[in-house]
Every structure is written in structure tokens, then in C-alpha cells.
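# Chain and residue survey
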Amino acid sequence: MAALTDAKRLVVKIGSALLVDAETGQLRQNWLTSLASDVARIRARGTDVILVSSGSIALGRGVLGLPLTSLALEQSQAAAAVGQIKLARAYEEALAPHGIIAGQVLVTLEDSEDRRRYLNSRATMETMLGLGVTPIVNENDTIATDEIRYGDNDRLAAQVAVTIGADQLILLSDVDGLYTANPKINSAAKHIDHVEKITPEIESMAGDAGNGLSKGGMITKIMAGRIATEAGCSMAIALGTSLYPLGKLENGAPATWFAAQTDPQTARKRWISAMKPRGTITIDAGAQDALSRGKSLLPAGVTHVNGSFGRGDMVTIVAADGPELGRGLIRYTSAEARQIMGRRSADIVTVLGYDGRAALVHRDDMVL
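Residues numbered from 1 in each chain as written. Predicted model: local features only at pLDDT ≥ 70, side-chain atom pairs only at ≥ 80, totals over all residues. Heavy atoms only, no water.

## Comments concerning the sheet that holds strand β11 (residues 314–319)
What counts here: Between any two strands, pairing holds if DSSP finds at least two bridges. Under the DSSP-based scheme used, a helix requires at least four consecutive residues in state H or I and a strand at least two consecutive residues in state E, with every element numbered from the N terminus.
Here we have 5 strands laid out as an open sheet, ordered β10-β9-β11-β12-β13, and mixed in their pairing. Every other strand in the sheet has two partners, leaving β10 (302–307) and β13 (366–367) as the edge strands with one partner each. Pairing between strand β9 (residues 279–283) and β10: 5 bridges, direction antiparallel. Each residue of the ladder has a partner; that of I283, found in β10, is V302.

## Focus on the pairing of β11
Just so we agree on the cut-off: Buried, partly exposed and exposed residues are distinguished by accessible area as a fraction of the type maximum, computed with a 1.4 Å probe on protein chains only: under 20%, between the cut-offs, and over 50%, respectively.
Taken across its 6 residues, β11 has 6 buried, putting it largely inside the fold. Residues M314, T316 and V318 of β11 are buried on one face, and the alternating residues V315, I317 and A319, pointing to the opposite face, are buried as well. Pairing between β9 and β11: 5 bridges, direction parallel. When the bridges of β11 are listed, I281 appears paired with I317. Pairing of β11 with strand β12 (residues 324–329) involves 5 bridges; the strand directions are antiparallel. Bridging from a neighbouring strand, V318 pairs with E324 of β12. Between β11 and β12, which follow one another and run antiparallel, lie 4 residues, and G322 among them has a positive phi close to 115°.

## Things to note about the environment of A228
Just so we agree on the cut-off: Two residues form a contact once any of their heavy atoms are found within 4.5 Å.
If you trace the backbone, A228 turns up in helix α9 (residues 218–230). For A228, a relative accessible area of 0% translates into the label buried. Taking the C-alpha atoms as reference points, A228 and M275, separated by 47 residues in sequence, lie 20 Å from one another. If near-sequence neighbours (up to four positions away) are discounted, A228 is found in contact with A158, L169 and C233.

Below, the structure is given as C-alpha cells:
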């Protein structure tokens, strides 16, 4: 069974009901302070941490005096606009005493469905983590319509975990895991400690949301579990209502762990391999040697560009004498690639007129 102390890259989802008092609409400051301490401790041992946090609408509706019951889309968006400022400031102030910089990332469903936006999100969060920043991710409710919304942060958190290649996802909830039935209704319901694989039987145990602030129920958590575990990320549903929730999970608090079905790198490579190539990149012997040593493909090593493709499309990488070497997601359009092929990465800004990425195909987006 997975353990939180094993995580190399961790995504933690925080629901509105944990962060915001349901009666007053005010931030639960003591709780957030304790969570920040948990995050600081986990980061100190070298683990990357990404927080996916609900709460913008819940905080904003309190400021605007809107009811706790369902709101019209426009009211939710107005509440989110006000609440996002409060939410970002709250995390900034909670993490700052630990020397941690917080950065806000707002996304919609379109950002994960569109490959170009997906790659942008991945690159941005990778850079943030590399700079020591803790990303605070939330759905961009101020602009998203019902058609392009996740609608719950459980699945959003799972998609973030997939995007960033996390090996663990923790869904902090108002329950301590999955039960064989709804424990609030059925006193005979039994807690499940470990789920090896999500089956129709496991799915049938899920229920609905239980309060006015949270839109996610157990069914969305199971859906999140399927997304995460199939991408190589183990997941836990854990009780988050008390102070220091991650510390309690580390110390053996009850939770339901869902086993990863592979590892993140293998899952990503499989995803890349399944795409249809849109073009071909021919490289010289020097670039071929660099790829064999685990390096990214730079423009300098490219001799020919064939096909018509956009940024984020799959291309085939071939040697000068013809054999296929691998495949990868390209970071430039076919027209741009032709302009910069054979040139040093430092020349990209001069050739294209803007400072693009150094690699034509990054090693993380490549299958050899």
C-alpha cells in the first residue's frame, strides 16, 4: 500500500467545506495555517507539492451576501472573481512564514483537452516547481461556461496530477475514505482501506455530495481515482476536517488508498505513442547521439522538416539515413520549425521575433 511519506510529487485537493466555514462563509484560518505547516514539512524532505483548492466561490459569496444554496452561473462567476483574490491572498499569507512562495494557476476543462494548452499548463507548473513555487490551482470559474467546466475539483485534481506527472494524489474530504455503503445512512457500512483496481462494484459504492458548499461527492472521487491511477498516480481519500490533516494521514489516520495501475512515466509514454504523427523531423548524427544520452532535441540538430503540424502535435524523429528513432510532441509549428532548424537555441528570438523554448522536442515529451 502507498504511503504519503513515499511521494516524490504530490497533489493535494482541498474542498470548499474544509477551507470555508459553512455557516459564516469565512475562511477557517487555523485550519489553513496547519495545512501550510504540513506542506512545509513535506516540501522539506524534497517532495514537490501542488495544491488544488476550491473555495473561491464560497469565499466570494460570503463577501457579496449571496445565499449558500445554488447560484445562477453569472452569480457564481461574480462570486469567484471576488473570492479568487481572497483565496490567493490566504494561501500567500499562510505559506509565507515558511519561506514558501505561492503561485496561482487558473484552468478550465479546455486547458486539458487542447494539447497546446495542456503543454502550456505542464510547462508553467514544471517551471514554478523548479523555482521553488507551490502552485495553487483552481478552476477559472470567472470565465468558464457550463460546457467547458470540470464542475468539481476532484477530477480537476486528478487531471492536474496527470498533467504534472505526480505519483500521489490526496483528496482531503469530510469523510475518511470509501465505505461499502453510505455510512451516514447505513450503520453496517464497512470502511475500505485499499482498492487495488476500480471496478463496477467499487463504483456502485459511491454516493452524492452532502453539503451546499461542496459540489463533489464520492462518485466524483471515484472518477478522479480512475483518471489518476490509470496514469500511474496512486490516490487517497482522507479526512481533512481536523488540523494538520496531512500529518495525521502520515501518522496512520484512516483513509482509502487506490493503487496506481502503472507509473507516471510509462503512462505518459504510452499516451504519446498512441498519437498519430503529423510530420517528420530528420536529425543529424550529433543530435542522434544526444537523444541516445537522454537529451532533448534542439533545433541545431535538425536537417529537414516534413509535414504540416501545430504546436503540441506528434512528430516522428528519423535519422539522416532514414530509420525511425522515436516520436514526440513538438513545441513549434511546422513553419516555425523550418525557420529555426539548424540554428542554435540562442538564435530563436532573432529568427522568430520572440523568445521561444530551447528544445524543439523535450525529452519528457519523447518516446525513443
